[in-house]
Amino acid sequence: MLKQTPSIHNLAPRLTLTQGQHWSHQRLLAVASQLSMLLICMLIITNLIITLGERRLQEEWATQRYSELQTIGTLITDKVAFQQFRTQLFAKDELLKQYLKNPTTAQQKKLQESWQELVQHIPELLGISLFDPQGNYKFSTQSNFSRDALPPSLLETSRSMGGRAVYTSPLEFVPLDGMLEPYMYQMAWLEKPDQGSMGYLIAYDSMVQMLETIKPAFSSDKSPMLVLDTQGLLYAGMSNLAPLANMPETLGASLRQSNPALWREMSMNNFGQFHGDEATFVYLKVELTAQQETRRQYFLLSYIRHADIAARFAQWQNIVIVAALILTLLAAWVILLSHMYRLQQRSRQYSIDVANGLFNSDIGFILANDQARIISANARASEWTLVPLDEMTDRSLQRTLCLDDVTHAQMMDQVYRQGEWSGELSLESIGGPTLRAQIRQAPRVGRGLPHLLVTLTDISELITTKQQAFLSDLLCDNTVATALTDANGKLIKVNPVFDSLMQLNGELNHDLATLLANDIGNQWQRITAQISMQGQWQGQILCSPNLRHSNCLQATLKGHVAADGEINFIICTLEQAADRIHGAEPRNYVPHRSTILLNLSDLERYFTSLAPQSRNLSSLLLMDINPEGMLSHMSDIDQLETRQQEVEVQLLLEIPASYQILHWQLGKIIVILPNTDATQAHHFALNTMEKLNSNGLGEGITIGIAGYKEGQTLEQYLSNAEIALKRAKQNNDQNIGQAFTRHQP
């Protein structure tokens, strides 16, 4: 039996594998070594940053604490100086002087009570004692201090300093309430007028209380402050925390014995820093008194534990660790991505010959890679994009299709999100056609981004047809003389009625502002602004000399707003203005009274020249032809002036010869009616409104009537008429109002 030939299908998985991504042993070893080196480097860098950060924090703390020690040293020195001054005040006390002059028991008790009150009100003052000139104890406040006689050496030192100087003792201990209290005392020499000695006054001050008063200058309780003398003995400390193992634990203990290295550093310098194994120390030598005979020097020492520094830096340490971890992960991801990118670049081997058959058609095809760079294109796509076929390879799709950055970004985003994009592309900027483009993703091979297949169709004729149809629709939307212009009034298309009316003879090289120069040419900017705000402008214009008719035309300019909100077209319609309804009386004859005053001063002279009886029995009629909302549909002030002229002409035709008209302001007319009472004036107003209504001029007109009172001025007369006009506007049933009128008896 013959052996069967293996099927081709068995080769398919192998072909797929050969075209896919393969991680070789060498590449896996390279990735593992790079990740290991990255991990080691990040551990070293993180540890270094944490160590330097803690060291930097120690240095910042030491600098801050040294500044605080300087402040505290200055405050202690000032305190001691103030205590010396206070001791001098105690020595000059009037009660003490009285007692020294008259040492009775009453004076002594009074002095002791005064001292005791001082001790109670001054926390750092422990007590006050008085000694006689030989140094023997006399009396004091209640205290635990020694009552022994003063040593001769102290008396000699005090006398050598002078009567006004105060002797300050070194720090000593005294038991108070079962605890040692560090203190110092100041001794003042009580001097007679003949410079003889009257005794000695001693004030005892607590060092602990003194430090408590300046404690707010210290920033932290966790960093204690110790006071030591020049021999290393501990006299005071401000922390309740457990001291370090190599620090003195009790008052009077020696730093020289517990921490020799630190004491050696302090004894050789007056200030500085010392970094130990467990803490960082800052010290400063201060001098409490400036006298050469009684110089008192002490060390202020403070420290902070390295554990506290680490605790303060713990938050930043966590941030550094998290940041290092994130950077490590990002770097590892970049390493993996770089290797995957190399594998993809090597694995992407497409055969373009398979798709050559698709390109041999009348439709334009472009094949681009994932970076939107052209791999291949057919002749039709080259013809429509105006790019030679041999130059299209490796050319960007954006440049070939003349796309701006925003359109290209939106297009590619939609392609990769939805798999397809379609739209119209205009190549008019380079003299090309308008194309219908469809961009879709080609079948994906591997795990990379897919290629792009672009299909192009020429739709220039379709676009032109649509544009012509759109313009025709705009033009045919009117039944009268119509013209279509651009935003600047340039004619684009006109219908035959407009062409005949304006005698263009098919010539469109005109604009509306030129054709209607006498009517709207000087108002074109205002008209276009009104079209932008309200959508249209409407007004009556007179035909230019080249028109067939001389009647007034009604012009309507309507704007067409594009998608971006700007006006791109204007439709202009011209139609014959509607003839107004005339009354039975002819309008072409000259009225029997044609004088219309233009200034209020002329009317005032006319009113003054009237006979007193005619003036006293007169009425004033104020007519408003411009109510609210009238301009909104008339849209032009010129039309309001024209309407007012027509109303004034109608009034001239109707009023008696003795009445006088004043063109007061735009929209308001004044009529003086001599020898006319309120009833007659009201009948005249009614007849006038009927005439105006019959002629189509009575819309929205209101009339106010006022009667004259003897002694009034024309201004007061007019004010009363304005009040009547307001009443007429407020009354919805009638448009005639009266105020301050009187009737004939």
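What counts, and at which threshold
Residues numbered from 1 in each chain as written. Predicted model: local features only at pLDDT ≥ 70, side-chain atom pairs only at ≥ 80, totals over all residues. Heavy atoms only, no water. Salt bridge = Lys/Arg side-chain N within 4 Å of Asp/Glu carboxyl O. Helix = DSSP H or I, 4+ residues; strand = E, 2+ residues; numbered from the N terminus. Buried < 20%, exposed > 50% of the residue type's maximum accessible area, 1.4 Å probe, protein only. Phe/Tyr/Trp six-rings, centres within 6.5 Å; stacked < 30°, edge-to-face > 60°. Lys NZ or Arg CZ within 6 Å of the ring centre and 35° of its normal. Core = buried A, V, L, I, M, F, W, Y, C linked by side-chain atoms within 4.5 Å. Contact = heavy atoms within 4.5 Å. Pairing = 2+ DSSP bridges. Axes fitted to C-alpha atoms, helices over the stretch in contact; angles between N-to-C directions. Expected span 1.5 Å × (residues − 1). Arc of directions from axis to C-beta. Polar contact = N/O pair within 3.5 Å; in protein donor to acceptor, adjacent residues only side chain to side chain. Patch = residues over 30% accessible without salt bridge, like charges linked within 9 Å, V, L, I, M, F, W, Y side chains within 5 Å. Areas by Shrake-Rupley, 256 points an atom, 1.4 Å probe, with all protein chains shown as cover.

(A) Focus on the pattern of salt bridges. In the structure shown here, the tally under the stated rule is 11 salt bridges. Asp205 serves as the salt-bridge partner of Arg86, at 2.7 Å between the closest nitrogen and oxygen. One end of the pair, Arg86, is in helix H2 (residues 25–91); the other, Asp205, is in strand S6 (residues 197–206), and 119 residues separate them in sequence. You can call Asp205 buried: its relative accessible area is 0%. Arg605 is the partner of Asp602 in a salt bridge, and the nearest nitrogen-oxygen pair spans 2.1 Å. Remark: Arg605 and Asp602 occur in helix H19 (residues 600–609); sequence separation between them is three residues, near one turn of the helix. The network of salt bridges with shared partners includes Lys79, Arg86, Glu124 and Asp205.

(B) Representation of the packing of aromatic side chains in the model. Following the criterion strictly, the structure yields 18 aromatic pairs and no others. Taking 5.3 Å as the distance between ring centres and 90 degrees as the angle between the ring planes, the aromatic pair formed by Tyr659 and Phe684 counts as edge-to-face. A residue pair is termed long-range when its members are at least 10 positions apart, and Tyr659 in the loop between helix H22 (637–654) and strand S24 (660–665) and Phe684 in helix H23 (residues 678–694) qualify at 25 residues. Across the pair, Phe684 and Tyr659 agree in class, each one buried. Members of the aromatic cluster, each reached through a chain of ring pairs, are Phe145, Tyr167, Tyr183, Tyr185 and Tyr204. One residue, Arg615, lies across the ring of Phe607, its end atom 6.0 Å from the ring centre.

(C) Broad picture of the nonpolar core. One finds Phe498, Leu557 and Leu574 to be the most contacted residues of the largest nonpolar core, which totals 25 residues. When residues of this core are assigned to their parent elements, the largest contribution, four residues, is made by strand S21 (residues 567–576). Dropping the residues within four chain positions of it, Phe498 is found in contact with Ala481, Thr482, Ala483, Leu504, Leu512, Cys572 and Leu574.

(D) Focus on the pairing of S6. In terms of residue burial, S6 counts as a mostly covered element, since nine of its 10 residues are buried. Where strand S1 (residues 125–131) lies against S6, six bridges are found, and the strand directions are antiparallel. Paired with Leu125 across the strands is Asp205, a residue of S6. For strand S5 (residues 179–191) and S6, the ladder comprises nine bridges, and the chain directions are antiparallel. Residue pairing across strands places Leu190 opposite Gly199, the latter belonging to S6.

(E) Region of the structure containing the sheet that holds strand S23 (residues 619–624). In spatial order, the strands read S22-S24-S25-S23-S26-S27; together these six strands make up an open sheet with mixed pairing. On the outer flanks of this sheet lie strand S22 (596–597) and strand S27 (736–739), each paired with one strand and no other. Relative to strand S26 (residues 702–707), S23 is paired through six bridges, and the arrangement is antiparallel. Bridge pairing in S26 places Asp624 opposite Thr702.

(F) Structural context of unusual backbone geometry. One non-glycine residue, Asn675, lies in positive phi territory at about 50 degrees. Topologically, Asn675 is positioned in the loop between strand S25 (668–673) and H23. Positive phi, normally seen in glycine, also occurs at Phe740, with a value near 55 degrees. Tracing the chain through its elements places Phe740 in the segment after S27.

(G) Molecular detail of the sheet that holds strand S14 (residues 420–426). Strand order in the open sheet made by the five strands is S13-S12-S16-S15-S14, with antiparallel pairing throughout. On the outer flanks of this sheet lie strand S13 (374–377) and S14, each paired with one strand and no other. The mean inter-strand angle of the sheet, taken between neighbouring strand axes irrespective of direction, is 20 degrees. Pairing of S14 with strand S15 (residues 434–441) involves seven bridges; the strand directions are antiparallel. When the bridges of S15 are listed, Gly423 appears paired with Ala437.

(H) Broad picture of helix H14 (residues 405–418). The first and last C-alpha atoms of H14 sit 20 Å apart over 14 residues, in line with the 20 Å expected at 1.5 Å per residue. For H14, every residue scored as buried is listed here: His408, Met411, Met412 and Val415. Projected onto a plane normal to the axis of H14, the buried residues spread over an arc of 95 degrees and lie on a single side. Counted as exposed and oriented over 90 degrees from the buried face of H14: Val406, Gln410, Arg417 and Gln418. For H14, the capping residue at the N-terminal end is Asp404, with a side-chain oxygen 3.4 Å from the backbone nitrogen of Val406. Note on H14: the residue one or two positions beyond its end, Gly419, has a positive phi of about 90 degrees.

(I) Looking closely at the pairing of strand S18 (residues 491–494). Pairing between strand S17 (residues 481–486) and S18: three bridges, direction antiparallel. By the bridge assignment for S18, Leu484 is matched with Lys493. Where S17 hands over to S18, the hairpin turn is made up of four residues, of which Gly489 adopts a positive phi near 90 degrees.

(J) Here's a closer look at the side chain of Thr280. When you line up the elements, Thr280 lands in strand S10 (residues 279–287). Judged by its relative accessible area of 0%, Thr280 falls in the buried class. One polar contact links Thr280 to His306, side chain to side chain, over a distance of 3.0 Å. In this structure, Thr280 is in contact with Gln58, Trp61, Phe274, His275, Ser302, Tyr303, Ile304 and His306, ignoring residues within four places of it in sequence.

(K) Molecular detail of a nonpolar patch on the surface. Together, Val322, Ile326, Leu327 and Leu330 make up an exposed nonpolar region whose accessible area comes to about 370 Å². Relative to the assigned elements, Leu327 resides in helix H10 (residues 314–347).

(L) Looking closely at the side chain of Glu124. Among the structural elements, Glu124 can be located in the loop between helix H4 (105–121) and S1. Among the polar contacts listed, one links the side chain of Glu124 to the side chain of Lys79, at a separation of 3.4 Å. Among residues more than four places away in sequence, those in contact with Glu124 are Lys79, Gln83, Arg86, Tyr204, Asp205, Ser206, Gln209, Met210 and Thr213.

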